[in-house]
Amino acid sequence: MRKTLSYIFLFSFLMLGQLSYSQNMTEAAARAELQRRGYDETRFREELNKKGVNIDAVDPNNPVEVAKAEKAVREVMEILDKEKKENSVSKVPAPPTPQETKEKIQPTPKTTDPVNEINVFKQSKEIKKAVKDGATLEEAVTESIQEATKKVAPPSGTYGQHIFRDKSLTVFRSSEDAKPSSSYILGPGDKVAISIWGPSQENFALEISKDGYIQPTGLKRFYLAGLRIDAAEQLLITSLKSKYYFEKENFAMTVTTARTINVNIVGEVFTSGTYNISAINTAFNALVAAGGPNDIGSVRNIQIRRPGSKKNIILDVYKFLQDPIISQDFHLQENDYINVPVAEKLVTISGAVNRAFRYELLGNEHLKELIKFAGGLKSTALKGNIKVTRIESDSLRIIDVNFNQLEKTGLNFDLRNGDLVEIFEITSAIRNEISISGAVENPGKYALNDNPRISDLLNKAILDDNALTSVAYIKRFNGDLKTIRYELVNLDNIIKNASSADNIRLQKGDELIVSSQASFVDSYKVTIEGAVRDPKVLSLDKSQNLKVADAVFFAGGLKTGAADFAYIIRADKTDPKKIEYIYVNVQDATTNPTSIANISLEPDDKLMFYSKGSFTDDAFVSIDGAVRRPDKFVYSESLTLKDVILLAEGLKQEASLDRIDVYRLSFEEGKSTRILAANLKINDKLEVQNSGGTYNLQPFDQIYVRTAPEYELQRYVSIEGEVRYPGNYVLLRDNTKLAAVLKDAGSTTEEAFLRGATLKRSIRGEEGFIIINLEKAINSPNSPENIILQEGDVISIPKMRNTVTISGAVKIAELYIGDIANQSKVQTPFFSGKSAKFYIDEYAGGFAKNADKKNIAVISPTGKVTKAKSFFGLNSYPKVTPGSEIKVGFKEAKPEGKETEKEDVKWGDILANSVAQATAILSLILLVQNVN
């Protein structure tokens, strides 16, 4: 009963919602959980004994004993936790990190237990789907854990954690089409394929034995375990050339299915435990299954410990990010341990770097390495004053670092854990430059040379022809270098005489602003839209007198189909919210420019031209029914019935030529409408009979092509199981019945179990199983049991069953010994005419103490449920048919003692949910049952 220890401990922790999602439900796992919580196992057992529970003697199949043990475990945990809390010494809170001090970041909330985040039923479906897609059960459970961990993992806090939390890396399945690299180490369980072609041809498909070799038929053993793929391939080429004639390029060895291995992942990861994964995966992929390093876990010093080796292999994520190919150097072996320690040196860098983040540094890495990891400095970085904020002697210390000096001397600046490095950007407020803007050919910034004057700047920028030279301004900083002033200058004086007092000396940051003459002239815009060839917005001088005819010319003229009128949409200058609509006779305006219709346009006018089609209703005809493409078509007077049928890609095979209905909308005076109907016949040339061959349509006609009355394709039903000729059968007649189709199938075999036959229907609106009595249907063809079949029905007839199954609250364990006693159900021979109680008493040891005698059901092979009935306190038990299952329900557990306020324990739900949520042995048992 040693396994009971692990079961009770883990079961109890699971019920408290505190157990990590692990892959091993073993005694070692239970002890590890006790150690993690700080419990002494000897003390734990002693306290349990005081409460009358011997943990090694608890029967896990006895719900009452399990409930008692689980209750005792809870109470002992509360006692030990209380003692720990009373004995603990309050600690002074650690000082805030520089990052927290600067950015006032709120503490990251604790992540929730991944187990509590998993929807058990959804997880079970996903696992079964993964198994169906080719994954092993172990791989499917690992994938489920991985997905659950992703949902609860917080955003990456340290650079490098992201590759485990996003989709950068995945865990490969052993059956997946993922080709191992040449560095993959072969081992027992790997399946390899060897192909030789050319003068000699041969193919082998072999599995490496537990002793590490393969042995092709008629050949010696080749020991491949422990070899890289490229080395194994060279060995086989050299050895097989003595028997086969081929060139090196005519030989190939591939791993078709990789073995699975157990990898232990411990330390600072989100979900530690033992994982069963494909050996194709490297250590990087394996870490993904555990969620990767948590917020305090290292990404630079991850250790791979191999049984039998004293030297650890060190995995550095930063090296992987710089050269991903190195991941192939980290293939795993059976029972390898991946340990993620706590990161010892975390430094945050912000400001003018290409990738501001928190980075993990090794002992010999400092400021230069940090900047390199951060993608280097930006071009605007201020190297002369880098600010380092450090916690030292319980206080914050600011250190200024001159990076220019470090680069010149080749020295480095030592960083410590928790340092915050901030790199400032060069200010762009005032530089050693001057600028010019406005009416010049070359506006922009210019270097400030010795003693420059306005004339020097004008010679470089070159004034525009329309530049306003009588007035210009110098924009200049005051002495505080923040506020500005504007100084008026006369460029005419400077151009005429460079010695003029206006040709002042320029200072750092000065900007010369030159205006254009156009800046002081009013202009306005007119928008031309609608049925013109080139709609546009015209920018015009206010002095111009633009008229409607001019606007039509500038817009490329009117489009074909344009209406002979337009509208000017004009806003009131005194109140822009008021809009005026002005009617324009376009024909008069364009043919006679002097007419009053050729209205002058004003600033911000919108001239809108309309199309004639905008003022007509769209008319159409439609066709539906037995045509290949039902659709609507724009109406035309030339459109005939034949045209519409051809436009609909012709008639379907089932179309009736004798019945085409046309429904017409007739408009009466006053716009009232009524519906007219015409029933037409056509010939195979689509010509309407008795109307000259054509039938002219009207707007809004609706055409329906009817299906031939007796037209119907073959309808099929399927018969499975115990008939002489199973398969698909066509329903030869309307209202074909069940017995008739069975007769076509050669009737049932001698082994057919008629009472267990089922009928599944897929026709829309009647989906699901239909309860049938096939025996009555065959023996009494006129009985209601001989139902009429529908297309798609599936009739399943199983083999004869002469057994009965009993499960639930019965005394199986008291009646039997050995393996039978551990079963949750038993099967018995069938006895004609016996009730459920006969089988319970005779073969299941009678009712258990917690049995609910009123809750007994007999489930027939067809799925029909018959329950026990009670009359004045006397129970009437249902009769049993061959292949049935007898289920005895449990009484609801009553709360004991002071715990009356708690909900009743529903053992069925508790056991089902706990098993579904726990992984490895318990979860695999459930999944195997579901998959099978």
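Treat the numbers as computed from the prediction; the structure is a model and nothing was measured. (Residues numbered from 1 in each chain as written. Predicted model: local features only at pLDDT ≥ 70, side-chain atom pairs only at ≥ 80, totals over all residues. Heavy atoms only, no water.)

Looking now at the nonpolar core. Soluble, globular proteins show a tendency: their nonpolar side chains are buried together. Core analysis: the biggest nonpolar cluster contains 77 residues, and Leu186, Leu240 and Val421 have the highest contact counts within it. Counting residues per element, this core draws most heavily on helix α11 (residues 283–289), at 6 residues. Those residues in contact with Val421 that sit more than four places away from it in its chain are Val347, Thr348, Ile349, Ser350, Leu367, Leu370, Ile386, Lys387, Val388 and Leu415. Core analysis: the next-biggest nonpolar cluster, separate from the first, contains 24 residues, Ile623, Leu639, Leu641 and Val662 among them. (Core = buried A, V, L, I, M, F, W, Y, C linked by side-chain atoms within 4.5 Å. Buried < 20%, exposed > 50% of the residue type's maximum accessible area, 1.4 Å probe, protein only. Helix = DSSP H or I, 4+ residues; strand = E, 2+ residues; numbered from the N terminus. Contact = heavy atoms within 4.5 Å.)

By convention here, two paired aromatic rings are described through the distance between centres and the angle between planes. Following the criterion strictly, the structure yields 22 aromatic pairs and no others. An angle of 80° between the planes, with centres 5.6 Å apart, marks the rings of Tyr567 and Tyr583 as edge-to-face. A residue pair is termed long-range when its members are at least 10 positions apart, and Tyr567 in strand β23 (residues 562–571) and Tyr583 in strand β24 (residues 579–585) qualify at 16 residues. Taking relative accessible area as the criterion, Tyr567 reaches 28% and is therefore assigned partly exposed. Taking 6.2 Å as the distance between ring centres and 25° as the angle between the ring planes, the aromatic pair formed by Phe831 and Tyr843 counts as stacked. A residue pair is termed long-range when its members are at least 10 positions apart, and Phe831 in the loop between β37 (825–829) and α23 (836–843) and Tyr843 in helix α23 qualify at 12 residues. (Phe/Tyr/Trp six-rings, centres within 6.5 Å; stacked < 30°, edge-to-face > 60°.)

So, on to the sheet that holds strand β20 (residues 511–516). In a beta sheet, neighbouring strands are held together by backbone hydrogen bonds and run either parallel or antiparallel to one another. Within the open sheet, the 5 strands sit side by side as β17-β16-β20-β18-β19. Their pairing is mixed. Both edges of this open sheet fall to β17 (444–447) and β19 (484–489), since each of them pairs with a single strand only. Within this sheet the neighbouring strands show an average axis-to-axis angle of 25°, counted without direction. In this sheet, β17 lies alongside strand β16 (residues 433–438) in antiparallel orientation, the contact comprising 4 bridges. Bridging across to β17, Ile434 finds its partner in Tyr446. (Pairing = 2+ DSSP bridges. Axes fitted to C-alpha atoms, helices over the stretch in contact; angles between N-to-C directions.)

Helix length check: helix α10 (residues 229–240), at 12 residues, gives a terminal C-alpha distance of 16 Å against a target of 16 Å (1.5 Å per residue), a fit within 8%. Elements that come into contact with the buried residues of α10 comprise β1 (191–196), β4 (222–223) and β5 (251–257). (Expected span 1.5 Å × (residues − 1).)

To continue, consider α23. Residues three or four positions apart in an α-helix share a direction because the helix packs 3.6 residues into each turn. All of the buried residues in α23 are Ala836, Tyr839, Ile840 and Tyr843. Viewed along the axis of α23, the buried residues span an arc of 105°, placing them on a single side of the element. Taken together, the buried residues of α23 touch β36 (803–808), α22 (812–815), β37, β38 (851–859) and β42 (885–890). Gly845, located one to two residues past α23, shows a positive phi value of around 75°. (Arc of directions from axis to C-beta.)

This paragraph deals with the sheet that holds β38. If you trace the 5 strands from one edge of the open sheet to the other, you get β37-β36-β42-β38-β39, paired in mixed fashion. The sheet terminates laterally at β37 and β39 (865–867), the two strands that pair on one side only. With direction set aside, neighbouring strand axes in the sheet form an average angle of 25°. In terms of strand pairing, β36 meets β42 through 4 bridges, oriented parallel. When the bridges of β42 are listed, Ile806 appears paired with Ile886. Across the face of the sheet, α23 comes into contact with β36, β37, β38 and β42 while running at roughly 110° to β37.

Before going further, it helps to examine the confidence of the model for the protein. Residues of the protein with pLDDT of at least 70 account for 80%, and the chain-wide mean is 80. Note on residues 910–932: pLDDT under 50 across the span, and 47 contacts to partners over four residues away in sequence or across chains. (pLDDT = per-residue confidence, 0-100.)

This paragraph deals with a nonpolar patch on the surface. Residues Val471, Tyr473, Ile484, Tyr486 and Leu488 make up a contiguous nonpolar surface patch of about 460 Å² in total accessible area. Listed by contribution, the elements that provide at least two residues to the nonpolar patch are β18 (467–477) and β19. Here the nonpolar patch gets 3 residues from one element, more than from any other, and that element is β19. Relative to the elements of secondary structure, Leu488 occurs in strand β19. (Patch = residues over 30% accessible without salt bridge, like charges linked within 9 Å, V, L, I, M, F, W, Y side chains within 5 Å. Areas by Shrake-Rupley, 256 points an atom, 1.4 Å probe, with all protein chains shown as cover. Salt bridge = Lys/Arg side-chain N within 4 Å of Asp/Glu carboxyl O.)

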